[in-house]
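Listed below are the residues making up each chain.
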Amino acid sequence: MLWFLFYSLRYLFKMSLAVSLRRALLLLLSGAVFILTVLYWNQGVIKTQSYSEAQLRPHIQKDRSSAPIPYEKSWTYKCDNDRCVRVNYNKNGANVKRVSFISCSMTCGDINIWPHPTSKSLVSGHTLRFSVEDVQLRLDTPHREVRKRLKLAFDVLVRQLRQIQQLEYAPPHAEEMLSVSEPASKSTDGAESPLAGGLFSSTFGSHRSGDLDSLHVKLSVHESGELDFNLDNDESYELTTSFEHRRLTVHISAKSFFGARHGLATLQQLIWYDDEERLLCTYASSLINDAPKFRYRGLMLDTSRHFFSVDAIKRTIAAMGLAKLNRFHWHITDAQSFPYISRHYPELAEHGAYSDSETYSEQDVREVNEYAKIFGVQVLLEIDAPAHAGNGWDWGSKRGLGELSLCINQQPWSFYCGEPPCGQLNPKNNHTYLILQRLYEEFLQLTGPTDIFHLGGDEVNLDCWAQYFNDTDLRGLWCDFMLQSNARLKVANGNVAPKHVVVWSSALTNTKCLPNSQFVVQVWGGSTWQENYDLLDNGYNVIFSHVDAWYLDCGFGSWRATGDAACSPYRTWQNVYKHRPWERMRLDKKRRKQVLGGEACLWTEQVDEGQLDNRLWPRVAALAERLWSDPNDDHDFDVVPPEVFRRISVFRNRLVELGIKAEALFPKYCAQNPGECI
């Protein structure tokens, strides 16, 4: 179009038109060029508008009617005896400023953090208003890889604060974040040099609508550069804040990345969005020393009975990070389906996945694992064996490998397995062990070095094997299978045996087949069963996952017409929270050390992706506090203290703000009127 106008103008000039006409045409040409230039550059603005200055300003916000937590403009709150009291608010007649529920909750009574810190924590009553654009990062660590990981963790914090504040802003990609200049070395007098162009900030113009010019988050990790997960990771941290001259400094010091990341999770809960101020708020001063009581704080998700997308798994892991859980146990396959696409044996998924779209590639697993690292969460992949292995294992004979699994889909199912469909690996086929070894290799390569690995090992049905090996000691055959699988695991791990090999509790763990120096037993049976005492007496370390407290799939009735009904009743968050087996069992100091921690389990016979969030949350959060700080309970055995209701209610709302569709705890009236419904 520009060339057309240009040649038209030349032609008119050659025709020696009147001067006035030439001037008019020149004016027309200039206008056309201006309009086309604006249109051209506006295309670039549309493409990059998520990074524009205007969208970073705090007053450019989304429609407030779509807020996940509705604004309560007709109510104000006041603190009365450490409890927020709701009062009707008449804006026209009021001579005091409205106080939002969250601001009252965060400044009334005990500190509102979940899980509660293990030691005494202090926060001031003086609060400060700010915008996420005021937040900046300073790193103080000599460990380059720790620095990179901390930057990513801080990026997550900023993203989530933007989401809470509801700013229309898409932060830079992680790759861009990592290109930020590294900090200069510390001077000889120990003073920290500022990041040379390396502040993670988004301050534009001279906007200062709150009480702060800047909020500096300083992360200090000096002692350990360790980033690989193990049960000896130091997860402690200290958080302090100081306020001076419109600048708030939050200092998180830790001995490792893991502790510093937990400090960021705590910092996130020291910040809240005030819908009256339309700004974020935090405390002017605080002091928190914190460390977990238990090393293993896990959540198991079964992705075989129903498939769950990578996004759903990542969303779950992000919530785990906020609750300071540190192990994501991925029960990735079972007899129902085999969704993992193995590099060495793709036939497993070809014959075992529900569909081509309901599979996990190596890249999917790697993506989940890398994402989980940012939240301080280790991914533990499990292929249950020898039982719970049916669909996906039925192609061996066609490839000249013999029967890899037996009793596949055999009926009547109740004779040969715990639930349909049946399937149990062939303990006398060497190809079965080779396939397991290759799968272990793949898992270890995808998740990185570890001192803990899960071998499965539960609910073996000896009647299945008896059809093929009726002249054999079947219990001994089971023992041999587990020992051979463990030997293959060692080979897969570069001939280094993992320090801890986890198996489910079973009839086999009641014997002395598996050496207690290496094997850890995940106890899924009832909390009053004798096996709990026997395992500890036999020297095993244990992870508690008691079916009567921490099985989150229970209470929804039986999903089949025959066989035993599903476990019941429903495990409420109070059931989860009140469960303290180490106290109930009156364990001495020696046996308490054998309890590595606990894990909530979600088997998914009756759960798909649409129900995932509300089946997990906030019940898993109840487990998180039990395993992190294990608060002393002086109340009646079946009653949760009122302040716990108050804190978990606020934490549940935080999850909702972040897009987690967490289950409601009680009527909203009870949330608005703490203590009245308990």
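Cut-off values and rules
Residues numbered from 1 in each chain as written. Predicted model: local features only at pLDDT ≥ 70, side-chain atom pairs only at ≥ 80, totals over all residues. Heavy atoms only, no water. UniProt positions renumbered as here; feature names shortened; annotations may be inferred. Helix = DSSP H or I, 4+ residues; strand = E, 2+ residues; numbered from the N terminus. Buried < 20%, exposed > 50% of the residue type's maximum accessible area, 1.4 Å probe, protein only. Contact = heavy atoms within 4.5 Å. Areas by Shrake-Rupley, 256 points an atom, 1.4 Å probe, with all protein chains shown as cover. Disulfide = S-S within 2.5 Å.

As recorded in an unreviewed UniProt entry, the protein goes by Beta-hexosaminidase and comes from Drosophila navojoa. Per UniProt, the protein carries the Sequence similarities (unreviewed entry) text "Belongs to the glycosyl hydrolase 20 family."

### With respect to the overall build of the protein
Helix and strand counts for the protein stand at 22 helices and 21 strands. Evaluated residue by residue, the protein yields a buried proportion of 54% over its 678 residues. Counting only contacts in the protein whose residues sit at least 6 apart along the sequence, the fraction spanning at least 24 positions is 75%. As displayed, the protein has an accessible area near 29,100 Å², and 52% of this comes from carbon and sulfur atoms.

### Considering the environment of L227
Following the sequence through the fold, L227 ends up in the loop between strand 6 (214-221) and strand 7 (237-244). The class of L227 is buried, set by a relative accessible area of 13%. Residues L227 and R149, 78 residues apart in the sequence, show an inter-C-alpha distance of 8.6 Å. In this view, L227 contacts E145, V146, R149, F257 and F258; residues no more than four positions away in its chain are not counted.

### Topic: the environment of A662
Tracing the sequence through the fold places A662 in the loop between helix 21 (642-657) and helix 22 (668-672). Its relative accessible area of 8% is what places A662 among the buried residues. Expressed as a C-alpha distance, the spacing of A662 and P618, which sit 44 residues apart in the sequence, is 6.0 Å. Not counting residues up to four positions away in its chain, the partners in contact with A662 are D613, N614, W617, P618, R652, L655 and V656.

### Section: the state of the cysteines
This structure, assessed with the given rule, holds seven disulfides. Through a disulfide, C79 is tied to C108; the S-S separation comes to 2.0 Å. Judged by the sign of its S-S torsion, about 70°, the cystine formed by C79 and C108 is right-handed. Separated by 29 residues along the polypeptide, C79 in strand 1 (residues 75-79) and C108 in the loop between helix 4 (101-107) and strand 3 (121-123) bring together distant segments of the chain. Judged by relative accessible area, C108 falls into the buried class, the value being 1%. Disulfide pairing is shown between C670 and C677; the S-S distance is 2.1 Å. Here the S-S torsion is close to -85°, and the disulfide linking C670 with C677 is therefore left-handed. As a non-bridged cysteine, C601 has C554 as the owner of its nearest cysteine sulfur, 9.9 Å distant. Judged by relative accessible area, C601 falls into the buried class, the value being 0%.

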